[in-house]
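# Structural description and commentary
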Amino acid sequence: FKYLHKGQLSEFARRTDIKFLVTILFGLLVGMILTALFLKQSLKSYEVFTWSFFIGLIIASVVYVAKRIEKRNVKNLLLFAVGMAVSFMLSIKSNPYSNDNFFYLFLCGIIGATGMVVPGLSGSHLMLLMGNYELIVTDAIPSLAKASTFMHGASILLPFVLGSLVSIVSFSHLLSWLLRDYKDSTLSVLAGFMLGSLPVVYPWKTPTA
């Protein structure tokens, strides 16, 4: 950003490997649109099956993260329990309503983007906790595919993307430090957090036939 501010675009592009980043971002955009279109239909027609599938993905992520913990001692077990307890409390009190306020969407971007840099943690899962998953994934992103609804989708995604950029730039430094000096402790908390948040995707919150 220092080189970008000075107008040294070629040096900025070289130091950030801009071709690599643009390719990644393009892949993310295409993947988000295609997945969002698919999820919009699957949540409408096969809601219970879709949420059940998400439960399987989350449990698999917990196993993946837990297997990376090298020292399974009392301290890490307690950190796992704390992460699970905090996440469980957030899950049962999660916001069930979408909110298109600019600053709330910016905050969603900050929190949701941590799922891109934290191993095993899902940004979509965090959006479910904040109540804006369907607004962003099944409403705003599919809207980009049509000219008539493009501006509607863009107005929702702009603050979210800005928050995501802020999060990725700032949080990546903190995460690299945590994983370097406190790897097992960090992974223990993350595994507990994911396991404790399963109530968010529990598909039978209301009785069904």
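The coordinates are above.
Quick summary incoming for the structure in this document. (Residues numbered from 1 in each chain as written. Predicted model: local features only at pLDDT ≥ 70, side-chain atom pairs only at ≥ 80, totals over all residues. Heavy atoms only, no water.)

## A short note on the overall build of the protein chain
When helices and strands are counted, the protein chain shows 11 helices and 0 strands. Going from N to C terminus, the protein chain has its helices and strands arranged as α-α-α-α-α-α-α-α-α-α-α. What you see for the protein chain is a C-alpha radius of gyration of 19 Å, in line with the 17 Å of a compact globule of 209 residues. Taking the principal axes of the C-alpha coordinates as reference, the protein chain spans close to 50 × 45 × 25 Å. Counting all 209 residues of the protein chain, 34% fall into the buried class. (Helix = DSSP H or I, 4+ residues; strand = E, 2+ residues; numbered from the N terminus. Rg over C-alpha atoms; globule rule 2.2 N^0.38 Å. Buried < 20%, exposed > 50% of the residue type's maximum accessible area, 1.4 Å probe, protein only.)

## Looking at the side chain of N76
By the element assignment, N76 lies in helix 5 (residues 74-92). Here N76 is in contact with I69, K71, D184, S185 and S188, once residues within four sequence places are set aside. (Contact = heavy atoms within 4.5 Å.)

## Description of helix 5
For helix 5, with 19 residues, the first-to-last C-alpha span of 27 Å sits near the 27 Å given by 1.5 Å per residue. Within helix 5, the full set of buried residues consists of N76, G83, S87 and S91. The arc that holds the buried residues of helix 5, viewed along the axis, is 70 degrees, so those residues lie on one side. Exposed and facing more than 90 degrees away from the buried side of helix 5 are V74, L77 and L78. The inward-facing, buried residues of helix 5 contact helix 8 (123-130) and helix 11 (183-196). (Expected span 1.5 Å × (residues − 1). Arc of directions from axis to C-beta.)

## Quick look at the packing of aromatic side chains
Scanning the entire structure with this criterion turns up 4 aromatic pairs. Consider the rings of W51 and F54, whose centres lie 5.5 Å apart with planes at 70 degrees: the pair is edge-to-face. Here W51 pairs with F54, and both are found in helix 4 (residues 47-67), just 3 residues apart, close to one helical turn. This pair shows no difference in class: W51 is buried, exactly as F54 is. (Phe/Tyr/Trp six-rings, centres within 6.5 Å; stacked < 30°, edge-to-face > 60°.)

## Re the pattern of salt bridges
Under the counting rule described, the total for this entry stands at 4 salt bridges. Residue K183 is joined to E70 by a salt bridge in which the shortest nitrogen-to-oxygen separation is 3.7 Å. One end of the pair, K183, is in helix 11; the other, E70, is in the loop between helix 4 and helix 5, and 113 residues separate them in sequence. Accessibility expressed as a relative area gives 62% for E70, which makes it exposed. (Salt bridge = Lys/Arg side-chain N within 4 Å of Asp/Glu carboxyl O.)

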